[in-house]
Amino acid sequence: QVQLVESGGGLVQAGGSLRLSCVVSGRTFHSNCMGWFRQAPGKEREFVAAISWNGGSTLYADSVKGRFTISREHAKNAVYLQMNSLKPEDTAVYYCAVDGAVGTLTATASEYDYWGQGTQVTVSS
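So, here's what we can say about the structure. Predicted model only: the values in this text are computed from it and were never measured.

## Overview of the packing of aromatic side chains
Argument step 1. Evaluation of the coordinates by the stated rule reveals five aromatic pairs.
Argument step 2. Taking the centre distance of 5.2 Å and the plane angle of 50° together, the rings of F29 and Y114 count as tilted. One end of the pair, F29, is in the loop between β3 (18–25) and β4 (32–39); the other, Y114, is in strand β10 (residues 114–115), and 85 residues separate them in sequence.
Argument step 3. For F29, a relative accessible area of 0% gives the class buried.
Argument step 4. Ring centres 5.0 Å apart and planes at 55° place the aromatic pair F37 and W115 in the tilted group. Placement of the pair is F37 in strand β4 and W115 in strand β10, with a sequence separation of 78 residues.
Argument step 5. If you follow R45 out to its NZ or CZ, it ends over the ring of Y95, 3.9 Å from the centre.
Argument step 6. A cation over a ring is seen here: R45 above W115, with NZ or CZ 4.7 Å from the ring centre.

## A look at the state of the cysteines
What we call a disulfide is simply a covalent bond connecting the sulfur atoms of a pair of cysteines.
Argument step 1. Tallying each qualifying case throughout the model produces one disulfide.
Argument step 2. A disulfide bridge connects C22 with C96, and the sulfur atoms are separated by 1.9 Å. Because the sign of the S-S torsion sets the handedness, a value of about 45° for the bond joining C22 and C96 places this disulfide among the right-handed ones. A residue pair is termed long-range when its members are at least 10 positions apart, and C22 in strand β3 and C96 in strand β9 (residues 92–102) qualify at 74 residues.
Argument step 3. The class for C22 is buried, based on a relative accessible area of 0%.
Argument step 4. You can call C96 buried: its relative accessible area is 1%.
Argument step 5. With no disulfide of its own, C33 lies 12 Å from the sulfur of C96, the closest cysteine sulfur.

## Re the sheet that holds strand β1 (residues 3–7)
Hydrogen bonds along the backbone pair up the strands of a sheet, which may run parallel or antiparallel.
Argument step 1. With respect to topology, four strands assemble into an open sheet ordered β1-β3-β8-β7, the strand pairing being antiparallel. Of all strands in the sheet, those bounded by a partner on one side alone are β1 and β7 (68–73). For this sheet the average axis-to-axis angle between neighbouring strands, irrespective of direction, equals 15°.
Argument step 2. Judged from the six bridges that link them, β3 and strand β8 (residues 78–83) form a sheet pairing that is antiparallel. Considered in β8, the bridge of L20 is made with L81.

So, how was this worked out
- Residues numbered from 1 in each chain as written.
- Predicted model: local features only at pLDDT ≥ 70, side-chain atom pairs only at ≥ 80, totals over all residues.
- Heavy atoms only, no water.
- Phe/Tyr/Trp six-rings, centres within 6.5 Å; stacked < 30°, edge-to-face > 60°.
- Helix = DSSP H or I, 4+ residues; strand = E, 2+ residues; numbered from the N terminus.
- Buried < 20%, exposed > 50% of the residue type's maximum accessible area, 1.4 Å probe, protein only.
- Lys NZ or Arg CZ within 6 Å of the ring centre and 35° of its normal.
- Disulfide = S-S within 2.5 Å.
- Pairing = 2+ DSSP bridges.
- Axes fitted to C-alpha atoms, helices over the stretch in contact; angles between N-to-C directions.

In short, the description is geometric, and any link to function would need to be established separately.
What follows is the structure in structure tokens.
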């Protein structure tokens, strides 16, 4: 059974940093795109960042470009999201996800097959 577990969320002041981690168990996804999404209260889930199977290509939402960095570590079957210069509008539940298809890189939530339970990030002003 595939399980994705996020960690690293919390409360931080505006301008601060957090590093989210997501560890996958039950199967390796070394050939698959992995991504981060977020959902704020009363809003739809939105794309944040994605990384290709080998880490060679990345995608970012315009709202986080230059502030967030996605990375992955095959040895740990994990994906990370380094978040710097956080803003109150970054407050949301953050989810990691894996695309079951091989070799893609996508920002479309419906193309991801496996999802974590989410970790709360709260940025105070």
